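Listed here are the chains, written in short residue letters.
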There are 2 protein chains.
Amino acid sequence: MLSQVHEVCSQRTDGEVATYIPQLAYAPPEAFGIGLATLDGHVYETGDSRLGFSIQSVSKPFVYALALADHGLEGVLQRIGVEPTGDPFNSITVDEETARPFNPMVNAGAIVAASLVKGTGVEEKFERIRNALSAFAGRELTLDERVYNSENETGDRNRAIAYFMRTMGALEGDVDEVLEVYFKQCSLLVTARDLAVMSATLSNGGRNPVTGEVAIEPEHVSRVLAVMSTCGMYDYAGEWMYRVGLPAKSGVSGGIAVALSQRLGIGLYSPRLDRRGNSVRGIAACEELSQRLGLHVLRADASTGPPALRRRTGADIRSKRVRSAAQLDTLTESGSRIVVFELLSDQTFLTAETLMRKVLSDNGCQWAVIDLHRVTQTDTAAARLLTDLVRQRGSEGKVTAVIASPELTLRELMESEGAVGFDDLDEALEWAENELLTEGEHPSESTASVPLAEQELLAGMTEEALGAIAPLLVETTFKPREIVFDEGEEADAIYFISSGEAAVVLSGDDGRRWTRLATVAAGSAFGDLAALDGGTRSSRVVADTEMVTQSLMLTDLAALRVSRPDVVGQLYQAMARTLAERLRSANREISALRD
Amino acid sequence: MLSQVHEVCSQRTDGEVATYIPQLAYAPPEAFGIGLATLDGHVYETGDSRLGFSIQSVSKPFVYALALADHGLEGVLQRIGVEPTGDPFNSITVDEETARPFNPMVNAGAIVAASLVKGTGVEEKFERIRNALSAFAGRELTLDERVYNSENETGDRNRAIAYFMRTMGALEGDVDEVLEVYFKQCSLLVTARDLAVMSATLSNGGRNPVTGEVAIEPEHVSRVLAVMSTCGMYDYAGEWMYRVGLPAKSGVSGGIAVALSQRLGIGLYSPRLDRRGNSVRGIAACEELSQRLGLHVLRADASTGPPALRRRTGADIRSKRVRSAAQLDTLTESGSRIVVFELLSDQTFLTAETLMRKVLSDNGCQWAVIDLHRVTQTDTAAARLLTDLVRQRGSEGKVTAVIASPELTLRELMESEGAVGFDDLDEALEWAENELLTEGEHPSESTASVPLAEQELLAGMTEEALGAIAPLLVETTFKPREIVFDEGEEADAIYFISSGEAAVVLSGDDGRRWTRLATVAAGSAFGDLAALDGGTRSSRVVADTEMVTQSLMLTDLAALRVSRPDVVGQLYQAMARTLAERLRSANREISALRD
């Protein structure tokens with residue numbers, strides 16, 4: 001697509017190469033390059049995208065950014081305005097009311113911006129500018145000495161501007177020194193690719209998407225983009241916003257930098273200029289790209305739809321904790337009182353507002369689980385709304401859970417308002433299920449031992465059959481963290497838990513991290529799959545608490561199969577029934593998750 | 001939060017109520033209302049948000065929208081420019097080069113816009129304007145006769161502007177008539193709430209989010225927002241973009257309309273004005289809201305992160321088609337060659353670009369399934385990229401599947417490039433699995449009958465045990481679409497499929513739509529859960545093709561249990577093993593889906 005745009009716009013042969021700085025006249029008039037950088041650091045290029053040219057006025061927004069970093073917003077606003085002006089970029093005027101140049105995109109304002117860069121002497125100031133622009137570009141930029149000499153020799157108009165500003169009190173310091181810095185700044189060599197990456201760095205909140213380096217603090221970025229969008233294209237600002245709608249800055253050497261906030265950066269180079277001083281092919285390509293790619297900042301033809309928010313209830317999705325049949329019945333019946341709201345995108349005011357409204361109007365929701373595990377950043381407005389939400393629900397006696405990385409400060413803020421924080425969905429679901437299952441009860445100390453007849457896996461077996469199994473069972477007590485069996489071991493028994501609980505875990509790829517597959521507690525069995533296939537253990541089981549088990553050795557089961565095939569038949573029927581129940585629940589969850 | 005902003009900004013008591021139209025001087029100086037409308041039609045309000053006032057200049061963007069609808073972009077551009085001007089809003093000037101008023105937000109441009117509204121005579125033109133603005137507001141707006149009379153009596157400056165424009169050739173028609181329409185337009189009564197909804201209608205691409213009515217076609221919206229953002233706040237445009245960064249229009253009665261494209265609309269009213277003619281409290285509240293809610297159009301401090309895109313493979317997620325153990329092994333081993341890319345948000349150029357890059361660089365991906373089921377709209381740039389993707393993969397001999405509503409034209413476009421279209425994930429997965437399983441083979445006509453020993457549910461049983469079951473089986477042939485059993489029926493048999501296939505379906509809440517739970521084919525069983533519990537059927541099974549089954553009656557099974565408990569034990573063990581295998585696969589899918 002970029003190549004197509006390049007081809008279409010190459011047909012434009014009108015316009016003239018700038019000559020007011022003699023060295024610029026040597027630019028190849030047919031040169032035309034485009035770069036487009038995405039915020040994950042991919043750069044598309046076409047044409048002469050690696051051909052060097054002096055940056056000229058395209059340096060202005062980036063040096064303005066440096067001035068903002070050095071002096072802060074108010075410090076810079078006192079010295080340079082932000083209003084667009086109908087006057088030419090090189091006019092010798094300041095705002096007489098405030099004794100400030102109108103904005104940092106005209107030469108007067110740019111000269112003041114350069115003078116604000118901290119440093120002692122020309123070399124230090126220029127090095128700071130060169131380093132700053134290099135950070136934006138992601139490579140070390142160098143000076144074009146010939147252009148610099150040419151600028152210096154023919155820079156009388158800029159000298160006039162500078163001296164005029166000094167008489168008006170708008171500029172301080174040594175005029176020659178300031179202009180030397182300014183001319184050098186304008187003579188830095190860049191390519192269309194560089195301008196794409198520099199713009200993408202602005203679009204990316206100041207962090208270079210290719211190198212990861214922070215070139216400017218995020219708080220200054222929207223200010224820089226604002227002056228680009230109102231003053232960046234000489235006296236073409238209104239029509240530019242109307243037709244193209246992108247913050248941009250052009251320069252007399254034929255470069256254009258376009259920064260679409262939070263989206264991408266574009267760099268263009270073609271030296272023939274229109275009568276306003278903007279690159280003819282550059283402008284044409286921007287119009288094409290804006291239209292073809294739908295990039296207009298104010299575009300309204302394609303709504304992004306409501307913020308991506310998913311709602312599921314505890315009736316559909318379950319923790320990995322193995323529950324008894326009675327508990328499963330309760331969860332199926334009342335699980336809809338547990339509601340999980342999952343945010344599929346980063347949190348801004350708008351997503352938070354929708355979320356808050358949905359949660360508060362969800363009348364059946366007693367336990368709200370706000371799942372932010374995909375969220376990497378929030379803004380303060382979103383944080384405020386979500387802490388409000390927790391507080392408001394708290395005042396209605398309802399508890400809110402939040403799932404988020406412990407590093408997300410929003411989690412901490414919500415916890416300080418009474419939310420319960422969790423690292424993952426499973427933990428949160430287990431908590432909410434426990435709350436639901438023990439509602440109104442004081443859960444007894446779970447030291448009571450579950451008898452064989454109440455074991456879930458054996459439900460439906462006759463008393464006589466259970467009586468035949470009981471004498472075969474071996475009781476064992478495990479300490480917390482004690483491993484019952486490990487991955488790869490020969491399977492030799494089925495374990496029924498009388499009291500306590502254990503985790504079924506799987507080793508990660510690196511052999512160090514363990515993933516919890518399930519929590520099994522008193523009344524549940526584990527190791528049962530071995531009874532079906534024999535073979536080796538596919539996971540590790542480790543006691544979470546002190547745990548007492550009754551185990552049935554597979555050798556004893558084989559003997560029983562001969563002496564009492566009816567009992568073993570009942571056992572397998574009971575197992576199949578339990579597995580079928582779990583499969584049904586798993587399939588319900590899959591349906592809910594796919595929705 | 002809105003109330004807090006209202007409270008903070010109420011402390012501003014500077015500024016003066018406008019008096020140049022005498023009737024405006026009667027406005028209560030302390031009045032202050034704010035409305036905020038979201039794009040799903042929720043309106044937040046605080047203060048005097050329902051107090052009526054004459055709309056004045058806030059009408060300009062909406063009438064400009066109507067002019068665009070009546071004459072198209074180029075027709076309007078010929079008559080009204082789009083460049084901001086440093087001159088006051090009521091200056092008597094036009095752009096001498098083009099004989100056009102500079103932009104539609106100054107009085108001169110707004111008068112031309114009103115003259116462009118189609119209709120015969122004052123009444124018809126004004127009624128069209130009133131109806132258009134009412135559509136934006138979502139209620140019928142009425143005229144404030146006293147303000148209109150006052151405007152009419154004191155409108156000499158506007159008469160001067162109109163006559164001046166007529167001598168310059170910028171305005172056609174009867175000046176008195178045009179001005180009568182214009183004065184009436186300015187005298188329509190609105191509230192802060194109305195302005196919020198009107199702005200939200202612009203932000204929503206022209207569709208009123210409360211009523212659902214289309215007030216303006218989407219192609220004109222970004223043009224209207226562009227002139228608001230560059231020319232909407234009198235000569236405060238640069239600083240407005242710098243500090244607030246929102247397209248807005250203010251008026252001398254103290255109203256401000258703020259439209260944040262694709263996000264929300266804000267309406268404000270407070271009659272005391274600053275020296276530029278903007279509402280003091282209105283501006284202050286906009287600054288507060290922009291900052292607190294992070295609304296700046298060019299904000300760059302909180303990235304929305306990469307487009308929401310989920311990648312899963314056929315090794316983790318499976319179609320609902322019941323597969324044999326050998327097939328399951330193949331899918332576990334090679335399923336990663338099937339890759340499902342799910343888009344979690346609407347398609348724009350940027351999401352499509354990321355998607356395209358990810359798919360093309362996914363070397364192991366033979367069958368790419370592009371899941372667009374959440375996507376409701378795409379722009380043309382996205383459509384172009386995705387059709388390119390299908391074509392490019394096609395040239396490498398790789399097939400692409402697309403999941404999308406049949407109404408999405410993008411699906412049709414992709415199909416015309418060779419993509420295979422599906423309505424849901426399950427269909428697409430089944431297709432891809434079939435492709436993978438039959439790769440390199442010519443799948444035999446599936447008329448071959450699957451013998452009992454190869455039935456998945458009976459795998460592992462001894463020949464002797466199978467021999468004991470075989471005589472009990474009853475062979476039945478079903479025609480396509482014939483129902484084998486229905487929901488709620490008494491369960492009386494297990495069915496083993498010898499040839500053909502069937503669907504397990506569930507009736508929807510409305511009793512009419514059926515959801516496919518699974519597809520079962522030769523070698524698989526159904527109705528097996530009944531053998532565990534008895535009870536009634538939980539789903540309907542209907543033959544998809546001609547199908548032959550061998551069924552085992554539960555009464556025969558009960559008899560066998562007495563005579564050959566060992567055979568029944570083997571049967572249940574085999575069933576439990578199959579169920580355990582399916583459960584493991586389901587749990588893998590749940591893990592993948594939760595990621």
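Residues numbered from 1 in each chain as written. Chains lettered and ligands numbered in written order. Predicted model: local features only at pLDDT ≥ 70, side-chain atom pairs only at ≥ 80, totals over all residues. Heavy atoms only, no water.

## Considerations on the relation of the copies chain A and chain B
Note on the chain copies: they are related by a rotation about an axis and a translation along it. Screw-axis analysis of chain A against chain B gives a translation of 0.0 Å along the axis, an RMSD of 0.2 Å, and a rotation angle of 180°. Here the symmetry operator amounts to a two-fold rotation axis. Residue by residue, 100% of the interface of chain A is reproduced at the interface of chain B, so both copies engage with the same surface. (Least-squares fit on C-alpha atoms with pLDDT ≥ 70 in both. Contact = heavy atoms within 4.5 Å.)

## Regarding the interface of chain A and chain B
In this complex, chain A contributes 100 residues to the contact, which on the side of chain B involves 100 residues. Together, Tyr242, Leu298 and Arg594 of chain A form the three largest contributors to the area buried by chain A at its contact with chain B, with a combined 10%. Linking chain A with chain B are 2 salt bridges. The residue Arg357 of chain B makes a salt bridge to Asp40 of chain A at a minimum N-O spacing of 3.1 Å. (Buried area = accessible area lost by both parts, 1.4 Å probe. Salt bridge = Lys/Arg side-chain N within 4 Å of Asp/Glu carboxyl O.)

## A word on the pattern of salt bridges
For the structure shown, the criterion picks out 65 salt bridges over all chains. One salt bridge in this structure joins Glu140 of chain B and Arg130 of chain B, with 3.2 Å as the shortest N-O distance. Residue Glu140 of chain B is located in the loop between helix H4 (121–137) and helix H5 (145–153), and its partner Arg130 of chain B is located in helix H4; the two are separated by 10 residues in the primary sequence. The salt bridge partner of Glu464 of chain B is Arg564 of chain B, with a shortest N-O separation of 2.8 Å. A residue pair is termed long-range when its members are at least 10 positions apart, and Glu464 of chain B in helix H17 (residues 463–469) and Arg564 of chain B in the loop between helix H19 (554–563) and helix H20 (565–594) qualify at 100 residues. Classification of Glu464 of chain B by relative accessible area gives partly exposed; the value is 47%. Residue Arg564 of chain B is classed as partly exposed on the basis of its relative accessible area, which comes to 23%. Among the ionic contacts, a cluster of salt bridges with common partners joins Glu30, Arg272 and Arg281 of chain A. (Helix = DSSP H or I, 4+ residues; strand = E, 2+ residues; numbered from the N terminus. Buried < 20%, exposed > 50% of the residue type's maximum accessible area, 1.4 Å probe, protein only.)

## Considerations on the sheet that holds strand E7 (residues 255–260) of chain A
Residue and element names in this part refer to chain A. As summarised here, the arrangement of the 5 strands in space is E3-E2-E8-E7-E6, forming an open sheet in which the pairing is antiparallel. Single-partner strands in this sheet number two, and they are strand E3 (43–47) and strand E6 (248–250). When the angles between neighbouring strand axes are averaged without regard to direction, this sheet yields 10°. (Pairing = 2+ DSSP bridges. Axes fitted to C-alpha atoms, helices over the stretch in contact; angles between N-to-C directions.)

## Focus on the packing of aromatic side chains
The geometry of an aromatic ring pair is captured by the separation of the ring centres together with the interplanar angle, meaning the angle of the planes. What the rule picks out here adds up to 14 aromatic pairs over all chains. A ring pair is formed by Phe53 of chain B and Tyr269 of chain B, whose centres lie 3.9 Å apart and whose planes are at 5°; its orientation type is stacked. A residue pair is termed long-range when its members are at least 10 positions apart, and Phe53 of chain B in strand E4 (residues 53–54) and Tyr269 of chain B in strand E8 (residues 264–269) qualify at 216 residues. Owing to a relative accessible area of 5%, Phe53 of chain B belongs among the buried residues under this scheme. Residue Tyr269 of chain B is classed as buried on the basis of its relative accessible area of 2%. Aromatic pair Phe62 of chain B and Phe136 of chain B: ring centres 4.9 Å apart, planes at 65°, arrangement edge-to-face. Residue Phe62 of chain B is located in helix H2 (residues 60–77), and its partner Phe136 of chain B is located in helix H4; the two are separated by 74 residues in the primary sequence. For the residue pair Phe62 of chain B and Phe136 of chain B, the accessibility class agrees, reading buried in each case. A cation sits over an aromatic face here: Lys184 of chain A above Tyr148 of chain A, 5.5 Å from the ring centre. (Phe/Tyr/Trp six-rings, centres within 6.5 Å; stacked < 30°, edge-to-face > 60°. Lys NZ or Arg CZ within 6 Å of the ring centre and 35° of its normal.)

## Looking at the side chain of Arg312 of chain A
Mapping Arg312 of chain A onto the fold places it in strand E10 (residues 309–313). For Arg312 of chain A, a relative accessible area of 6% gives the class buried.

## A word on unusual backbone geometry
Residue and element names in this part refer to chain B. Of note in the backbone geometry, Gln56 takes a positive phi value of approximately 50° without being a glycine. Topologically, Gln56 is positioned in the loop between E4 and H2. Phi is positive for Arg481, which is not a glycine, with a value near 75°. With respect to the secondary-structure elements, Arg481 resides in the loop between strand E15 (474–478) and strand E16 (483–485). Residue classification places Arg481 among the exposed residues on the basis of a relative accessible area of 74%.

## Details of the environment of Ser499 of chain B
Positionally, Ser499 of chain B belongs in strand E17 (residues 493–499). It is 5.5 Å that separates the C-alpha atoms of Ser499 of chain B and Met547 of chain B, two residues lying 48 residues apart in sequence.

## Some remarks on the packing of helix H5 (residues 145–153) of chain A against helix H7 (residues 175–186) of chain A
Residue and element names in this part refer to chain A. Packing of H5 against H7 brings their axes to within 9 Å, and their N-to-C directions diverge by 135°. If you check the angle between H5 and H7, you find them oblique. The handedness of the crossing between H5 and H7 comes out as right-handed. Packed against H5, whose contacting residues are Tyr148, Glu151 and Asn152, the element H7 presents Glu180, Phe183, Lys184 and Cys186 at the interface. For the contact of H5 with H7, the residue count by class is 3 nonpolar, 1 polar and 3 charged. (Parallel < 35°, antiparallel > 145°, perpendicular 65-115°, else oblique. Left-handed = near helix turned anticlockwise from the far one by under 90°. Nonpolar A, V, L, I, M, F, W, Y, C, P; charged D, E, K, R; others polar.)

## Examining the sheet that holds strand E16 (residues 483–485) of chain A
Residue and element names in this part refer to chain A. Spatially, 4 strands are ordered E16-E21-E18-E19 in an open sheet, and the strand pairing comes out antiparallel. The open sheet has two edge strands with one neighbour each: E16 and strand E19 (514–521). Across this sheet, the average inter-strand angle for adjacent strands is 30°, counted without regard to direction. Pairing geometry for E16 and strand E21 (residues 540–543), over 2 bridges, is antiparallel.

## Observations concerning the nonpolar core
By size, the foremost hydrophobic cluster in this structure holds 247 residues, and its most contacted members are Leu133 and Leu372 of chain A together with Leu133 and Leu372 of chain B. Take this core: its biggest share by element is 10 residues, from helix H2 (residues 60–77) of chain A. Listed in part, the 100 residues of the second largest apolar core include Val369 and Ile494 of chain A together with Phe422 and Leu457 of chain B. (Core = buried A, V, L, I, M, F, W, Y, C linked by side-chain atoms within 4.5 Å.)

## Observations regarding the environment of Val474 of chain A
All names here are of chain A. You can see Val474 is positioned in strand E15 (residues 474–478). Accessibility expressed as a relative area gives 40% for Val474, which makes it partly exposed. Not counting chain neighbours up to four residues away, the residues in contact with Val474 comprise Thr549, Gln550 and Ser551.

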